Amino acid sequence: MALVPCQVLRVAILLSYFSILCAYNAIDMPAHQTYGGSWKFLTFIDLVIQAVFFGICVLTDLSNLLTKGNDSQEQERQLKKLISLRDWMMAVLAFPVGVFVVTMFWSLYIYDREVVYPKLLDNFIPSWLNHGMS
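Every value quoted in this text rests on a predicted model; they were computed, and no experiment measured them. The residue count restarts for each chain, going from 1 along the sequence in the order it is written. Where totals are concerned, whole chains, interfaces and linings use all residues; where local detail is concerned, this predicted model gives features only for residues with pLDDT of at least 70, and gives and counts side-chain atom pairs only at 80 or more. Working from all heavy atoms in the structure, the side-chain values ignore hydrogens and water.

> Run through the environment of Leu 85, naming residues and quoting values.
Position of Leu 85 among the secondary structure elements: in helix H3 (residues 73-111). For the pair Leu 85 and Ile 56, spaced 29 residues apart in sequence, the C-alpha separation works out to 8.2 Å. Counting from the N terminus, the helices are the DSSP runs of H or I reaching at least four residues and the strands are the DSSP runs of E reaching at least two.

Given below as structure tokens:
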């Protein structure tokens, strides 16, 4: 069965999230050495949630492709559980946290940049990575 464009798009998004995570972890920032490290930033937590969500989406797509044509009740039941997990994660974590982070970050950034992203961070974090994180 041929891949549908949305499946290819999900894989591309997953790979972009992993590349952003790798680039962010490679940055040597003083805030990474303090208590909580990167996990104290909601933008980082949101990036991890989005990466896990798209990982589950890709896993669901692969499972759906591999179980097509099989009449196994057990595989169908496992696929339905995986789809339920994907839908739950979208409704409870990925969408609400993602919308909150983007709305709050850019609203505060427009109002007063120094509150959420001081100019000092421009020395550590490139602008493309800032846009990828939020």
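Text resumes after the structure shown.
> Go over the packing of aromatic side chains with me, naming the residues and quoting the values.
Ring geometry is summarised as follows: Phe, Tyr and Trp rings, the Trp one being its six-membered ring, pair when their centres sit within 6.5 Å, and such pairs are stacked at plane angles under 30 degrees, edge-to-face over 60 and tilted between the two. What the rule picks out here adds up to 9 aromatic pairs. Seen in terms of ring centroids, Phe 53 and Phe 54 are 5.3 Å apart; in terms of plane orientation they differ by 75°. Their pairing is edge-to-face. For the exposure calls, accessible area comes from a 1.4 Å probe over protein chains only, and a residue counts as buried if that area is under 20% of its type's maximum, exposed if over 50%, partly exposed in between. By relative accessible area, Phe 54 is classed as buried at 14%. Centroid distance Phe 105 to Trp 106: 4.9 Å. Interplanar angle 90°. Geometry classified as edge-to-face. On the basis of relative accessibility, which here comes to 9%, the residue Phe 105 falls in the buried class. Assessed through its relative accessible area of 23%, Trp 106 is described here as partly exposed. Ring pairs connect the aromatic residues Phe 105, Trp 106, Tyr 109 and Tyr 117, which therefore count as one cluster.

> So what's going on with the environment of Val 97? Which residues, and what values?
Note on placement: Val 97 falls in helix H3. Separated by 54 residues in the primary sequence, Val 97 and Thr 43 have C-alpha atoms spaced 9.3 Å apart. When checking whether two residues touch, look at their non-hydrogen atoms; a contact exists if any pair is within 4.5 Å. Excluding its chain neighbours within four sequence positions, the residues that come into contact with Val 97 are Asp 46 and Ile 49.

Limitation: the analysis is restricted to geometry and does not speak to function.
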